[in-house]
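What follows is each chain in one-letter form.
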Amino acid sequence: KCRTTCTTTRRPAAHLSATQGNIHRHKMQYNVPPVYGLQQQQTPPMGYPSSGYGLYAPGGNSQLPAGIVQPLAGQLLMHPPEVVVAAPPEKLGFLAKMARTGTAMVAPSSVNANAGIEVDPALVFTGRFLGGIRDDIKRRAPFYVSDWTDALTSDNRSQSLASVIFLFFACISPALTFGLLYQELTDGQMGIVETLLSTGISGVLYAIFSGQPIAIVGATGPEYAYTVVTWNLCKQMNIPFLAGRLWQGLWTSLFTVLLAGFDLCYLMKYVTRFTEEIFASFITMTFILGAFLNVLKLYDDTSSIGRARAFGGTLLVLGTFQMATSLKTIKAGNTLNPSLRAMLSNYGVVIAIFVFSILNYVFKDLKMATLDVPTEFAPTYIEPHTLKARSWIVNPMGSPEQPMQGWAIGFTALPALGLTLLGYMDQNVSTLIVNRKDHMLKKGPAYHLDLMVCGVFLYPICAFFGLPFPHASTVPCLIHLISLSTRETVHMEGGGTTTRVTSVIEGARTTNMLIHLLILLSLLFTSVLQLIPKTVLYGVFLFMGVGSIAGNELFDRLHLFCIWVTKDYPQYEYTKNVALWTMHSFTLFQVAMLAILYVTTLISDLSIAFPFFIGALVPIRWAMARVWSPEDLKWLDA
């Protein structure tokens with residue numbers, strides 16, 4: 001019987017509809033499902049207090065016997081649990097600490113007078129080898145068929161096809177760009193062909209075997225920066241680059257498999273929105289600044305024809321961006337009929353690329369640079385002693401001219417540790433951003449399974465073929481998600497508008513597969529790609545960067561600095577509940593961390609520290625609790 005009755009709390013009882021009533025606090029223990037990190041025993045583990053706590057169901061009676069709780073454990077894994085733990089006020093400090101340090105992902109700010117402890121099932125430490133992967137498979141397996149078929153329904157077909165075409169250009173653009181960079185860096189040992197193959201093969205395998213197929217894998221800036229470090233290290237140590245990189249890839253594959261097998265993706269539960277926004281903003285800056293920096297390079301040629309090319313190239317960049325942006329937003333207007341507006345919106349980027357490529361052809365006298373794509377399918381590197389392209393399979397023992405020494409095989413494990421951490425952070429932070437609650441995804445994440453796919457398939461294949469290592473790339477991931485989402489404009493209290501997701505086509509295996517099949521097929525149609533001006537793709541870069549700003553609260557808070565009258569602020573939750581200076585100081589500190597991160601990648605001697613600084617943002621966020629109150633952080637970093 002209840003000894004004390006707590007304040008009545010009304011919450012949805014989707015999984016416990018058989019019980020109704022109030023929530024009570026009891027001086028007794030009940031059998032608790034394993035999902036909550038408790039064991040079926042009379043003495044609570046992990047320092048749980050022996051009295052004063054109980055398990056309660058919203059709208060339920062005072063008792064949750066095992067006959068009710070255990071059958072529900074699987075459902076509670078699949079959905080946000082509607083179970084609360086009530087505690088006396090004097091115990092709240094201990095409960096908050098327990099929530100932060102326990103095995104379940106708990107938002108410390110959610111602990112209050114009626115503390116709600118919410119578990120993200122994908123980030124729970126199971127304590128079993130391959131336990132997280134098995135849980136990921138159980139979670140995603142029921143949706144595997146629909147992952148292929150959702151995009152093919154009559155309602156989704158047009159939007160999905162537009163997403164495929166747009167993402168083809170969005171993915172091939174950085175692949176071509178990084179391919180040129182790799183070719184210049186490695187003296188031709190890797191180039192455009194290898195980068196396209198890496199992107200295409202990895203994307204196809206990821207679409208088949210991954211748990212979250214909305215994520216897009218491919219060439220990334222951090223991976224290129226780390227390849228620079230590896231190249232310089234191999235030159236200093238007299239290690240053959242491709243052979244040394246093969247062993248680095250195999251070590252990285254082993255370390256990655258161990259991370260996934262021992263459930264270490266659960267550490268991502270400590271990554272809050274603070275870190276996610278900095279990482280996403282960094283990638284956004286990379287695309288936007290990259291587009292403008294490439295435009296500025298056009299003005300290096302000061303001759304009359306050079307200035308004409310620079311001016312024409314600038315017009316192509318801005319024209320491509322403006323047309324793609326205008327057509328993307330036309331769907332919300334009232335021009336033309338709804339079907340035509342939807343078609344123009346879905347294919348806006350493709351139309352912009354086509355129009356400005358034709359415009360460049362009309363003014364071909366300017367001879368503006370187009371894509372430099374090889375005309376034959378062969379490895380980029382030419383063996384100096386045979387004057388023929390190297391073999392597709394890299395010899396793990398090097399060549400007779402530069403053999404791979406035994407000590408060097410073990411030595412490559414050291415740079416492999418940094419590459420493993422980079423892949424871990426790049427992969428998990430990108431998918432963590434994709435899986436955010438405000439994106440309205442229903443099928444659930446699979447962090448351990450996704451990382452295992454990288455370790456088992458992607459890294460070894462790329463190592464043996466001498467291809468760049470792929471990672472989940474944040475901007476293409478978000479662009480893929482946005483292209484499959486339907487958003488609506490919401491008018492906010494006190495003025496201003498924002499957008500929110502209303503639905504998402506989660507049949508992303510089909511779109512992901514088609515995107516990367518097209519990238520592989522592009523190797524057979526290089527004559528067509530050679531007609532596209534580089535400046536048009538810079539415009540696509542700019543569009544992708546600006547488009548990824550949506551949903552990033554850091555940019556929303558930065559926009560507040562442009563509003564001089566505070567009463568005109570949009571009525572976000574943090575503007576209504578956090579003091580002005582507190583909110584702005586949090587934003588400025590976040591911008592400072594973003595600046596340090598960006599500068600780290602610009603300095604070659606520090607670029608190797610990029611993944612470590614991303615990881616350091618987690619303890620930095622913990623230390624912020626000494627400056628900003630838990631109540632403020634609840635609104636600013638929810």
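The shown structure was predicted, so the numbers you read here are calculated from the model rather than taken from an experiment.

Caption draft 1: Region of the structure containing the overall build of the chain. The helix and strand inventory of the chain stands at 24 helices and 4 strands. Taking all 638 residues of the chain together, the buried fraction comes to 53%. Expressed as a percentage of contacts within the chain between residues at least 6 apart in sequence, the contacts between residues at least 24 apart total 78%.

Caption draft 2: Quick look at unusual backbone geometry. Not every positive phi belongs to a glycine, and aspartate 187 is a case in point at roughly 60°. Mapping aspartate 187 onto the fold places it in the loop between helix H5 (157-185) and helix H6 (192-209). For aspartate 187, a relative accessible area of 58% corresponds to the exposed category. Located in the positive-phi region is lysine 367, a residue other than glycine, with phi close to 55°. With respect to the helices and strands, lysine 367 occurs in the loop between helix H12 (348-362) and helix H13 (406-411).

Caption draft 3: Representation of the nonpolar core within the structure. Counting 134 residues, the largest nonpolar core has Phe166, Leu176, Leu196, Ile532 and Met544 as the members making the most contacts within it. The element contributing the most residues to this core is H5, with 13 residues. Leaving out residues up to four positions away in the same chain, leucine 176 has contacts with Ile192, Leu196, Leu371, Val373 and Leu537.

Caption draft 4: Expanded view of a nonpolar patch on the surface. A cluster of nonpolar side chains, Phe354, Val355, Ile358, Leu359, Val362 and Phe363, forms an exposed patch at the surface whose accessible area comes to about 560 Å². Residue position: isoleucine 358 is located in helix H12. Its relative accessible area of 42% is what places isoleucine 358 among the partly exposed residues.

Caption draft 5: Looking closely at the pattern of salt bridges. This structure, assessed with the given rule, holds 17 salt bridges. Arginine 273 serves as the salt-bridge partner of glutamate 553, at 3.7 Å between the closest nitrogen and oxygen. Here glutamate 553 is found in helix H20 (residues 553-559), whereas its partner arginine 273 is found in helix H9 (residues 273-297), with 280 residues between them in sequence. Side by side, glutamate 553 and arginine 273 carry an identical accessibility label, which is buried. Taken together, the shared-partner salt bridges connect Arg273, Glu276, Glu277, Arg436, Asp438, Glu553 and Arg557 into one network.

Caption draft 6: Quick look at the environment of methionine 397. Tracing the sequence through the fold places methionine 397 in the loop between H12 and H13. Taking the C-alpha atoms as reference points, methionine 397 and leucine 246, 151 residues apart in sequence, are found 9.7 Å from one another. Beyond its immediate chain neighbours, meaning those up to four positions away, methionine 397 contacts Pro403, Met404 and Ile409.

Caption draft 7: Inspection of the packing of helix H14 (residues 413-434) against helix H15 (residues 447-465) at higher detail. Running from N to C, H14 and H15 cross one another at 135°; their axes reach a closest spacing of 10 Å. Between H14 and H15, the angle is such that the two are oblique. As H14 runs across H15, the sense of the crossing is right-handed. On the side of H14, the interface is formed by Gly423, Tyr424, Gln427, Asn428, Thr431 and Leu432, while H15 contributes Tyr447, Asp450, Leu451, Cys454 and Tyr459. Per-class residue counts for the contact of H14 with H15 are 6 nonpolar, 4 polar and 1 charged.

Caption draft 8: Helix H23 (residues 610-623), seen in detail. Spanning 14 residues, H23 covers 20 Å between terminal C-alpha atoms, matching the ideal 20 Å at 1.5 Å per step. Of all the bends in H23, the greatest, near 25°, is centred on leucine 617, and the proline proline 619 appears no more than four residues after it. Buried within H23 we find Phe610, Pro611, Phe613, Ile614, Leu617, Val618 and Arg621. Packed against the buried residues of H23 are helix H7 (221-237), H9, H14, helix H22 (580-602) and helix H24 (630-636).

Caption draft 9: Region of the structure containing the packing of aromatic side chains. For the structure shown, the criterion picks out 21 aromatic pairs. Through pairs of rings, three or more aromatic residues link up here, namely Phe274, Phe586, Phe589 and Trp628. For the cation-ring pair, arginine 557 lies above tyrosine 574, with the distance from its terminal atom to the ring centre recorded as 6.0 Å.

Caption draft 10: Structural view of the side chain of threonine 510. Here threonine 510 is to be found in helix H17 (residues 508-521). Classification of threonine 510 by relative accessible area gives buried; the value is 10%. Apart from the residues within four sequence positions on either side, threonine 510 is in contact with Asp147, Trp148, Thr149, Ala151 and Leu152.

Caption draft 11: Molecular detail of the state of the cysteines. Taken as a whole and judged by the stated rule, the model has 0 disulfides. Unpaired in this structure, cysteine 462 has its nearest cysteine sulfur neighbour in cysteine 454, at a distance of 9.8 Å. For cysteine 462, a relative accessible area of 2% translates into the label buried.

Caption draft 12: A look at the packing of H9 against H23. Closest axis-to-axis distance for the H9/H23 pair is 9 Å, and the angle between their directions is 150°. Regarding the angle of H9 to H23, the classification is roughly antiparallel. Between H9 and H23 lies a crossing whose hand is right-handed. Together, Phe274, Thr275, Ile278, Phe279 and Phe282 of H9 and Phe610, Ile614, Leu617, Val618 and Arg621 of H23 make up the contact between the two elements. Grouping the amino acids of the contact of H9 with H23 by side-chain chemistry returns 8 nonpolar, 1 polar and 1 charged.

Caption draft 13: Here's a closer look at H15. Here H15 contains 19 residues, and its C-alpha end-to-end distance of 26 Å stays within 8% of the 27 Å for a straight helix at 1.5 Å per residue. Of all the bends in H15, the greatest, near 35°, is centred on cysteine 454. Burial analysis of H15 places 14 of its 19 residues in the buried class, the great majority of the element. A positive phi of about 70° marks glycine 466, the residue just after H15.

Caption draft 14: Inspection of the side chain of glutamine 212 at higher detail. With respect to the helices and strands, glutamine 212 occurs in the loop between H6 and strand E1 (217-218). A polar atom in the side chain of glutamine 212 sits 2.8 Å from the side chain of asparagine 435. Not counting chain neighbours up to four residues away, the residues in contact with glutamine 212 comprise Arg140, Tyr206, Val434, Asn435, Leu441, Gly444 and Asp450.

Caption draft 15: Main features of the environment of asparagine 346. Residue placement: asparagine 346 occurs in helix H11 (residues 338-346). In sequence terms asparagine 346 and lysine 328 are 18 residues apart; their C-alpha atoms lie 6.8 Å from each other. For asparagine 346, the contacting residues outside a window of four places in its chain are Ser158, Gln159, Ala162 and Lys331.

Caption draft 16: Molecular detail of the confidence of the model for the chain. Averaged over the chain, the pLDDT score is 77; the fraction of residues at 70 or greater is 80%. Note on residues 1-119: pLDDT is under 50 here. Beyond four places in sequence and across chains, it has 184 contacts.

Caption draft 17: Broad picture of the environment of aspartate 155. Tracing the backbone through its elements, the reader meets aspartate 155 in the loop between helix H4 (144-149) and H5. Classification of aspartate 155 as exposed rests on a relative accessible area of 69%. For the pair aspartate 155 and isoleucine 505, spaced 350 residues apart in sequence, the C-alpha to C-alpha distance is 9.9 Å.

Definitions and cut-offs
- Residues numbered from 1 in each chain as written.
- Predicted model: local features only at pLDDT ≥ 70, side-chain atom pairs only at ≥ 80, totals over all residues.
- Heavy atoms only, no water.
- Helix = DSSP H or I, 4+ residues; strand = E, 2+ residues; numbered from the N terminus.
- Buried < 20%, exposed > 50% of the residue type's maximum accessible area, 1.4 Å probe, protein only.
- Contact = heavy atoms within 4.5 Å.
- Core = buried A, V, L, I, M, F, W, Y, C linked by side-chain atoms within 4.5 Å.
- Patch = residues over 30% accessible without salt bridge, like charges linked within 9 Å, V, L, I, M, F, W, Y side chains within 5 Å.
- Areas by Shrake-Rupley, 256 points an atom, 1.4 Å probe, with all protein chains shown as cover.
- Salt bridge = Lys/Arg side-chain N within 4 Å of Asp/Glu carboxyl O.
- Axes fitted to C-alpha atoms, helices over the stretch in contact; angles between N-to-C directions.
- Parallel < 35°, antiparallel > 145°, perpendicular 65-115°, else oblique.
- Left-handed = near helix turned anticlockwise from the far one by under 90°.
- Nonpolar A, V, L, I, M, F, W, Y, C, P; charged D, E, K, R; others polar.
- Expected span 1.5 Å × (residues − 1).
- Bend = angle between axes of the 7 residues up to and from the residue.
- Phe/Tyr/Trp six-rings, centres within 6.5 Å; stacked < 30°, edge-to-face > 60°.
- Lys NZ or Arg CZ within 6 Å of the ring centre and 35° of its normal.
- Disulfide = S-S within 2.5 Å.
- Polar contact = N/O pair within 3.5 Å; in protein donor to acceptor, adjacent residues only side chain to side chain.
- pLDDT = per-residue confidence, 0-100.

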